[in-house]
Amino acid sequence: MDIVCNFKKCRRALSNHAWVTTCSHAFCVEHGKSEFKRNAENSLNCPACGTELRDKFDVIQADLKPGEIFRSIVLAGMRPDTIMDIAMRAMSFWSYQVEQETLYQESMAKHAREKLQCMEEINTLNLQKLKAELETCKRKISSMQTEFNNKRKQAEDLTARLEEKSRKLQKLTFQLEAQKRKDIRVGNFEAVSKPNQETCMDISDLVGQRAASEAFVFRPVLETHESPVNAICSPKTPMFDFCKINKKRQNQPSHFKFRPNKS
Ligand SMILES: [Zn+2]
Ligand SMILES: [Zn+2]
């Protein structure tokens with residue numbers, strides 16, 4: 001385990017060189033150089049705890065991995081109690097750093113546990129909310145499934161009714177065609193059996209301007225039936241030429257010609 005830089009938010013691991021203080025704080029080379037520029041006037045303060053560092057040995061740059069020669073000579077000649085005192089102070093420094101690191105890690109762990117607990121509570125709430133939404137969706141799906149089944153049943157019923165109507169329509173169409181063929185056969189039979197039957201029609205427009213005393217009664221005749229009488233006149237009116245009328249009518253899609261009524 002290496003101690004870390006005590007500068008705020010730095011926490012860089014100190015393995016080879018470090019700036020150490022008599023208040024038991026340590027800093028990396030970068031922060032030591034920037035914080036401990038000593039001159040004749042200024043007094044230094046520890047960046048971690050604010051302790052004033054007046055003496056030149058209150059803060060020094062230490063070699064954390066001294067060589068064999070330095071280890072052999074640094075405490076040489078000192079009395080055992082002095083050596084033990086120096087060792088005890090160094091161990092106290094190390095213990096303080098370990099204790100601070102332990103407190104920091106415990107604080108981080110506590111913060112992490114609180115954050116985890118908060119996230120678990122949020123997750124629990126979200127889970128309950130999602131479960132409620134899931135239940136709502138399940139109910140909606142069930143309702144929609146029921147509605148879908150009802151609609152499908154209605155569609156099947158409508159399809160069955162449509163097929164029944166189609167069969168009836170087909171049957172009626174067939175009957176209508178049969179009736180049409182039957183009517184055509186009856187019409188042809190009547191046309192053959194009664195060729196001289198005439199159809200009356202209204203020709204009031206043709207004679208509308210004539211006086212009542214000059215009124216004629218006209219009856220249309222079939223084109224195949226030629227009449228020997230082509231013209232007629234009343235005592236007071238000029239000749240009415242049916243040949244011209246019939247010639248004009250030949251250019252039109254008419255089945256009728258006109259002749260005066262003999263009766
Ligand atoms: Zn640092
Ligand atoms: Zn300090």
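Refer to the structure printed above.
This report concerns the structure included in the present document. As the structure is a computational prediction, the values presented were derived from the model and not from experiment.

Now for the coordination of the zinc ion (ligand 1). Listed as protein donors to the zinc ion (ligand 1) are Cys 5 (SG), Cys 10 (SG), Cys 28 (SG) and His 31 (ND1); their distances from the metal cover 2.1 to 2.3 Å. Note that the zinc ion (ligand 1) binds four donor atoms; their angles at the metal cover 92 to 122°, and the shape is tetrahedral. Sequence positions of the donors to the zinc ion (ligand 1) reduce to the motif C-x4-C-x17-C-x2-H. Separated by 23 residues along the polypeptide, Cys 5 in the loop between strand E1 (3-4) and strand E2 (13-14) and Cys 28 in the loop between strand E4 (26-27) and helix H1 (29-35) bring together distant segments of the chain. The residues Cys 5 and Cys 28 share a single accessibility class, namely buried.

Assignment of secondary structure puts Asp 58 in the loop between strand E6 (52-53) and strand E7 (59-63). Asp 58 sits in the buried class, given a relative accessible area of 17%. Side-chain polar atoms of Asp 58 contact the backbone nitrogen of Arg 54, separated by 3.1 Å. Not counting chain neighbours up to four residues away, the residues in contact with Asp 58 comprise Val 20, Thr 21, Thr 22, Glu 52 and Leu 53.

Cut-offs applied
- Residues numbered from 1 in each chain as written.
- Chains lettered and ligands numbered in written order.
- Predicted model: local features only at pLDDT ≥ 70, side-chain atom pairs only at ≥ 80, totals over all residues.
- Heavy atoms only, no water.
- Donors = N, O, S within 2.8 Å, 3.2 Å for Na, K, Ca; no water.
- Tetrahedral: all angles 85-135°; square planar, octahedral: opposite > 155°, others 65-115°.
- Helix = DSSP H or I, 4+ residues; strand = E, 2+ residues; numbered from the N terminus.
- Buried < 20%, exposed > 50% of the residue type's maximum accessible area, 1.4 Å probe, protein only.
- Polar contact = N/O pair within 3.5 Å; in protein donor to acceptor, adjacent residues only side chain to side chain.
- Contact = heavy atoms within 4.5 Å.

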